[in-house]
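# Structural overview for review
What follows is each chain in one-letter form.
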Amino acid sequence: MCGIAGIILQEPGNIGKLLVNMLDGCQHRGPDSTGFAIYQTPKDHLLILRIYLGCSADSPKVKAIEDTVLGIIVKFGAKVLNKKFEQEHFRVEIDYSKDVKALCYAIENDAGIEILSIGNSLEIIKGIGSANDVERTFKVSRYHGTHGIGHVRLATESKVDVSRSHPFWAYGFNDVAIVHNGQITNYYKMKRRMIKYGYQFRTDNDSELIAVYLAHNLASGKKLEEVLERSIYELDGTFSFLVSTSKGIGFAKDRLGAKPMVVMEKDRILAVASEEVSLQSLFPGEQLSTYEPFPGTFKTWYT
């Protein structure tokens, strides 16, 4: 059991604070870790890299990691615009418009670290503990944007750490992230297929596969709606997941419909979550009009 949440605003607003409230509302579904994928207003050629160091910012290892990361970025012809450390995260803004996949693989393989996200508008922030724990550490509520997704995790098949926490970024693709509740039973088969296509994986978490699978199909020219419909038949198991791109959010539910999902559209806000209690946090005390999608269905919403 895990909890997922997503929200779209028709005008930029305090996405970070809203997601903190939504995930706090369903924290009982997953106390192990919490994460956010937030989409801010993009800028031309600006890429935001959020890197997980695996150690604190004051560790003796950090200077060598920083030098290696920045050296690779410059080698790829990018210009470093801004950089800062936040606890175990290293955030770097660069001016770059070329192959993101080659860049991120080079950084991870040579520097021995993990990139949490790359995007023109996407930033993934995640950590061990509750939504309020992550908020205290990273001040998620300061982030404004148009949309975002979030996740609270109950670890059932892999260990509790930041790497296996959600959201998962689709390695090598700008601005694509997923959150997932359920289990993909043909995980190893699909993972081998993606590896043959040249993709790398960082964990043994089946949710990571969903991100790479979706981004691979989007990169082939398919529309998000087509990819989501296809996923219902190509991914086996019980699942409800949300995918976010720079343009919006979509969901897919397996054909058994065992994993819950509730949708609300109200007052220029679209919100979706595992339980209505998350939606109620947006409008305390109000009677909400919601619906639960049918099994084997998908839908998309755009900003």
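For the structure itself, look to the data block above.
Described in the following lines is the structure provided in the data block.

## Structural notes on the side chain of Arg153
Structurally, Arg153 can be placed in strand S8 (residues 145-153). Within the local environment of Arg153, its side chain forms a polar contact with the backbone oxygen of Lys159, the two atoms lying 3.1 Å apart.

## With respect to helix H4 (residues 131-138)
All of the buried residues along H4 are Ala131, Val134, Glu135 and Phe138. Viewed along the axis of H4, the buried residues span an arc of 105 degrees, placing them on a single side of the element. Among the structural elements, helix H1 (15-25), strand S2 (33-39), strand S3 (46-52), strand S4 (79-86), strand S5 (89-95) and strand S7 (122-128) are those in contact with the buried residues of H4. Just downstream of H4 lies Lys139, where phi reads positive at about 55 degrees.

## Comments concerning the pairing of strand S12 (residues 248-253)
Counted residue by residue, S12 has six buried out of six residues, so it is predominantly covered. In S12, alternate side chains face the same way, and those of Gly248, Gly250 and Ala252 on one face and Ile249, Phe251 and Lys253 on the other are all buried. When S12 meets strand S16 (residues 298-302), the two strands line up antiparallel, connected through five bridges. Considered in S16, the bridge of Phe251 is made with Lys299.

## Let's talk about empty space enclosed by the protein
Inspection of the entire model under this criterion finds one cavity of 30 Å³ or more. What the largest cavity holds in volume is close to 30 Å³. Residue lining of the largest cavity: Glu114, Ile115, Leu116, Lys126, Phe168, Trp169 and Tyr171, and that is the complete set. Going through the elements one at a time, strand S6 (114-119) and strand S9 (168-169) are the ones with two or more residues in the lining of the largest cavity. At three residues, the largest contribution of residues to the lining of the largest cavity is made by S6.

## Quick word on the packing of helix H2 (residues 61-75) against helix H3 (residues 100-111)
In the contact formed by H2 and H3, the axes pass within 10 Å of each other and the chain directions differ by 150 degrees. With respect to their mutual orientation, H2 and H3 come out roughly antiparallel. H3 is crossed by H2, and the crossing has right-handed handedness. Together, Ile65, Thr68, Val69, Ile72 and Ile73 of H2 and Leu103, Ala106, Ile107, Asp110 and Ala111 of H3 make up the contact between the two elements. Of the residues contributing to the contact of H2 with H3, the split by class is eight nonpolar, one polar and one charged.

## Details of the sheet that holds S3
With antiparallel pairing, the four strands of this open sheet are ordered in space as S4-S5-S3-S6. The sheet is open, and its two borders are formed by S4 and S6, each paired with just one other strand. In this sheet, neighbouring strand axes are inclined to one another by 15 degrees on average, regardless of whether the strands run parallel or antiparallel. Across seven bridges, S3 lies against S5 in antiparallel orientation. When the sheet's bridge partners are listed, Leu47 is paired in S5 with Ile94. Relative to S6, H3 is tilted by about 160 degrees, and along the sheet it contacts S3, S5 and S6.

Cut-off values and rules
- The numbering scheme is per chain: residues are counted from 1 as the chain's sequence reads.
- This being a predicted model, a pLDDT of at least 70 is required before a residue's local features are given, and a value of 80 or more before pairs of side-chain atoms are given or counted; all residues contribute to the totals for chains, interfaces and linings.
- Hydrogens and waters are ignored; side-chain quantities use all the structure's heavy atoms.
- Helix and strand labels come from DSSP, where a helix needs a run of H or I of at least four residues and a strand needs a run of E of at least two; each type is numbered from the N terminus.
- The term polar contact refers here to a pair of N or O atoms within 3.5 Å; inside protein, the definition further demands a hydrogen-donor-capable atom paired with an acceptor-capable atom, and it admits residues adjacent in sequence only when both atoms are side-chain atoms.
- Relative accessibility thresholds used throughout: buried, under 20% of the residue-type maximum; exposed, over 50%; partly exposed, between the two (1.4 Å probe, protein chains only).
- Arc definition: it is the arc formed by the directions from the helix axis to the C-beta atoms.
- Whether two residues are in contact is decided by their heavy atoms, any of which lying within 4.5 Å being enough.
- Strands are treated as partners if at least two bridges between them are detected by DSSP.
- The definitions used throughout rest on a 1 Å grid laid over the protein atoms alone, on which a cavity is an enclosed set of points accommodating a 1.4 Å probe that cannot get out and a pocket is an open set flanked by protein within 12 Å on both sides along at least five of seven lines; lining residues are those having an atom within 4 Å of a point.
- Grid points are joined across faces, edges and corners, and a volume is the space filled by probe spheres set on the points.
- Axes here mean lines fitted to C-alpha atoms, for a helix over just the part in contact, with angles spanning 0 to 180 degrees between N-to-C directions.
- In this scheme, roughly parallel covers angles under 35 degrees and roughly antiparallel covers those over 145, while 65 to 115 is roughly perpendicular and the rest are oblique.
- Crossings are assigned a handedness: left-handed for a near helix turned anticlockwise from the far helix by less than a right angle, right-handed for a clockwise turn.
- Classes in brief: Ala, Val, Leu, Ile, Met, Phe, Trp, Tyr, Cys and Pro nonpolar; Asp, Glu, Lys and Arg charged; the others, Gly included, polar.

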